[in-house]
Amino acid sequence: MLKDCFDNVRASVPLVHNITNYVTVNDVANILLACGASPIMSDEPEDVVDITSICGGLNINIGTLNKHSVEGMFRAGRKAAELGHPILLDPVGAGASTLRTDTATRLMEELPLTVIRGNISEIKTLAHGSGTTKGVDADVADAVTEETLPQAIEFVKAFAKKSNAVIAITGAIDLVADAKRCFVIRNGRAEMGKITGTGCQLSGMMTAFITANKDNVLEAAAAAVCAMGLAGEIGWAHMQAGDGNSTYRNRIIDAICNMTGDELEKGAKYEIR
Amino acid sequence: MLKDCFDNVRASVPLVHNITNYVTVNDVANILLACGASPIMSDEPEDVVDITSICGGLNINIGTLNKHSVEGMFRAGRKAAELGHPILLDPVGAGASTLRTDTATRLMEELPLTVIRGNISEIKTLAHGSGTTKGVDADVADAVTEETLPQAIEFVKAFAKKSNAVIAITGAIDLVADAKRCFVIRNGRAEMGKITGTGCQLSGMMTAFITANKDNVLEAAAAAVCAMGLAGEIGWAHMQAGDGNSTYRNRIIDAICNMTGDELEKGAKYEIR
Amino acid sequence: MLKDCFDNVRASVPLVHNITNYVTVNDVANILLACGASPIMSDEPEDVVDITSICGGLNINIGTLNKHSVEGMFRAGRKAAELGHPILLDPVGAGASTLRTDTATRLMEELPLTVIRGNISEIKTLAHGSGTTKGVDADVADAVTEETLPQAIEFVKAFAKKSNAVIAITGAIDLVADAKRCFVIRNGRAEMGKITGTGCQLSGMMTAFITANKDNVLEAAAAAVCAMGLAGEIGWAHMQAGDGNSTYRNRIIDAICNMTGDELEKGAKYEIR
């Protein structure tokens, strides 16, 4: 039940360690608070082990990585792994630069990731190996559409199996899968793409969901995707004349702040395949 | 008079140098502008001495410290001390990691801090010495409540005396004290805790207040606390259906932007003990 | 036609690489999305060459420069130059510190800048040479007013000629000039100065405009200035009781999000001298 996943966040107030980009970090912190979690940000290598030790989960986002923070990601990740904390990787820009692709790939190889959440291009880059976009799965369409859905589901399950992580691909249609089951989610609005960092926000919130639902990671990750999409729908319903993407950003976080588990359960639009 | 403290900010437009975390820095800048001050951010060690030299006050916040910015904090702090500028320390996360505790402690030892502002846990960590939360004052309750108020006031005055700084502890009840007098402040709303960075914003604004009121630091610090709490009350009164923590953040800064010294004087809820 | 400049942004969706400060970066990203462009942020020296290679234009803002990101600025700038991408420099705080003045000056000397956008003090610092504000043009008034306008226009054209870049000076009256022509723009509101980062936002958006209008840089830069000022006017018209600078920030970005090329053409207030 998605409701239970959300209620568990509100009840347990998970402390989430975020090593995330400086572009969207404020919104990530506010959406974590909105959903009932508590955020801490720290990327200094000499600080991250202590910080991750007092947290319940780790959110790694490479959106504005630098050599110093990359070292922090590995140190925090190893400690989180040692402590059995869920770890989420958001491979922002994997495929766009060698450093991003290599860093995401190494994080995936060296850490027992719980969830990898990205757009289709980022996930394909990780699935196909570092430095190439012409790998064996190149026939998977770039965008997940109703037409390409069957192949996309096959792809995401195969990558979940190979990576031993839950894989979340977000876009017009969202897919959240482990090796056997795939949530196909149709919440959200296209206008969310005009806001910077809705993906980063989702990664932060998803880390809270999987931290509060460690034994039910697949459903928890799917619940976070549904919550984000539903917030996009609710936030849009509150838009008034003259409002644009900056106000829409606020309204989406506001919608998470006001959302109940029951509303999530009712508003979620998904099928399992 | 709190009114005068606020009016002095608006009249003198103090330039405040902020070495602060990247999570809440935008809101810190906007609230400084809202209250009538002018913010500058710089953490590069080779830049901070020049920047602090053209400013009137220094706000040091260790929320996302790194080794490079910590060096910047000390260089800026020494220069500010040399120039007689007020220096505020916000020891974010002191007690949560060795690096944070040590850095805050060293800053306190090496710089003539004007104000230290934090939550009760952070202040207790600094008061009890680095690396321990089991110090001599461990019987001070973690939260300041009506029941623990007398001991808390004793504690904050004692720490103010020992540290030779004004100490501001913010929470459900706020305390702002020097060695002899303690402002007990009851403005604000619990919902402010659902917004990231209201503490950081307060530290920024408080630096402006003490910079514009160098000869009246205790009252200026208390005035900033009252202003923030009152803004939380005014902002909340403007909340509409569907609004949540992200919009509330905007409304609090907006309330500071529109607040007059007279309104602060009338709306402040405090006693001196 | 300013309309065409804006329409070209919306039609071509330019990808803009931003090396910008962490204070206002979120608003920069959101205004780039609002105007129809796509933002990427990266300042790590080992990342920037790849990132700039997939982009169309480069926005360099030294607002919170550090030694690491300064190296990133030069590497990205050299690659952008090699690829023929437009490069905009926003010399935030030039004149306020030696590091900022020197960095801006070196960037100007070593890179074929397309546009330099700043306030009058920053531009004067660059025009007069590093480390001095008492250069040969010291008789140019600090603020551009109706009284000092003729001299200011002469100054900006001369500096545009000398620097071989379009120069944009923003303030109460905005000037955008090459060696021969100067747009004198009277859009905007004084209250925009109470928001942090309207200048940074303009620099980001201007980079999108010149990237989408590479053969018409002067007019594109002027169009961006008019759009920002007009958004300030439209956003202000939507302000309600209790709103302040934080909400105004949202409303300005919202106004860009909703603005059409036709509205820009009609609302722009400029003369060419």
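See the structure shown above.
This text gives an overview of the structure that appears in the document. Quick caveat: nothing in here was measured; it's all calculated off a predicted structure. (Residues numbered from 1 in each chain as written. Chains lettered and ligands numbered in written order. Predicted model: local features only at pLDDT ≥ 70, side-chain atom pairs only at ≥ 80, totals over all residues. Heavy atoms only, no water.)

Below, the discussion takes up the interface of chain B and chain A. Each partner contributes residues to the interface: chain B has 27 residues there, and chain A has 27 residues. When chain B packs against chain A, close to 2,200 Å² is buried across both sides, 45% of that on carbon and sulfur atoms. Sorting the residues of chain B by area buried against chain A places Tyr-22, Lys-194 and Asn-245 of chain B first, and these three jointly supply 25% of that buried surface. Linking chain B with chain A are 3 salt bridges, by the criterion used here. Between Asp-243 of chain B and Arg-251 of chain A there is a salt bridge; the shortest N-O distance is 3.8 Å. For the pair chain B and chain A, the number of links is 20 residue pairs in polar contact (both at pLDDT 80 or more). Among the secondary structure elements, those contributing two or more residues to the side of chain B that touches chain A are helix H5 (98–110) and helix H10 (245–258) of chain B. Looking at the side of chain B that touches chain A residue by residue, the classes come out as 7 nonpolar, 14 polar and 6 charged. (Contact = heavy atoms within 4.5 Å. Buried area = accessible area lost by both parts, 1.4 Å probe. Salt bridge = Lys/Arg side-chain N within 4 Å of Asp/Glu carboxyl O. Polar contact = N/O pair within 3.5 Å; in protein donor to acceptor, adjacent residues only side chain to side chain. Helix = DSSP H or I, 4+ residues; strand = E, 2+ residues; numbered from the N terminus. Nonpolar A, V, L, I, M, F, W, Y, C, P; charged D, E, K, R; others polar.)

What follows deals with the interface of chain A and chain C. If you look at the interface, chain A gives 27 residues, while chain C gives 27 residues. Of the roughly 2,200 Å² buried where chain A meets chain C, counting both sides, 45% is carbon and sulfur surface. Linking chain A with chain C are 3 salt bridges. Where chain A packs against chain C, one counts 21 residue pairs in polar contact (both at pLDDT 80 or more). Looking at the side of chain A that touches chain C, the elements that each hand over two or more residues are helix H5 (98–110) and helix H10 (245–258) of chain A. The element that contributes the greatest number of residues to the side of chain A that touches chain C is H10 of chain A, accounting for 5 residues. Partitioned by chemical class, the residues of the side of chain A that touches chain C number 7 nonpolar, 14 polar and 6 charged.

All names here are of chain C. Strand order in the open sheet formed by 9 strands is E2-E1-E3-E4-E5-E6-E7-E8-E9, and the pairing between neighbours is mixed. Whereas interior strands pair on both sides, the edge strands pair on one side only; in this sheet they are strand E2 (38–41) and strand E9 (270–272). Across the sheet, the mean angle separating the axes of adjacent strands is 15 degrees when strand polarity is ignored. Where strand E5 (residues 115–118) lies against strand E6 (residues 166–169), 4 bridges are found, and the strand directions are parallel. Within E6, the residue paired with Arg-117 across the bridge is Ala-168. Of the strands in this sheet, strand E1 (15–19), E2 and strand E3 (57–61) are in contact with helix H3 (residues 45–54), which crosses E1 at around 155 degrees. (Pairing = 2+ DSSP bridges. Axes fitted to C-alpha atoms, helices over the stretch in contact; angles between N-to-C directions.)

Right, let's get into the pattern of salt bridges. For the coordinates displayed, the defined rule picks out 51 salt bridges over all chains. Measuring nitrogen to oxygen at the nearest pair gives 3.9 Å for the salt bridge that ties Glu-110 of chain A to Arg-78 of chain A. Here Glu-110 of chain A is found in helix H5, whereas its partner Arg-78 of chain A is found in helix H4 (residues 67–83), with 32 residues between them in sequence. Residue Arg-78 of chain A is classed as partly exposed on the basis of its relative accessible area, which comes to 45%. Among the ionic contacts, a cluster of salt bridges with common partners joins Asp-243 and Arg-251 of chain A, Asp-243 and Arg-251 of chain B together with Asp-243 and Arg-251 of chain C. (Buried < 20%, exposed > 50% of the residue type's maximum accessible area, 1.4 Å probe, protein only.)

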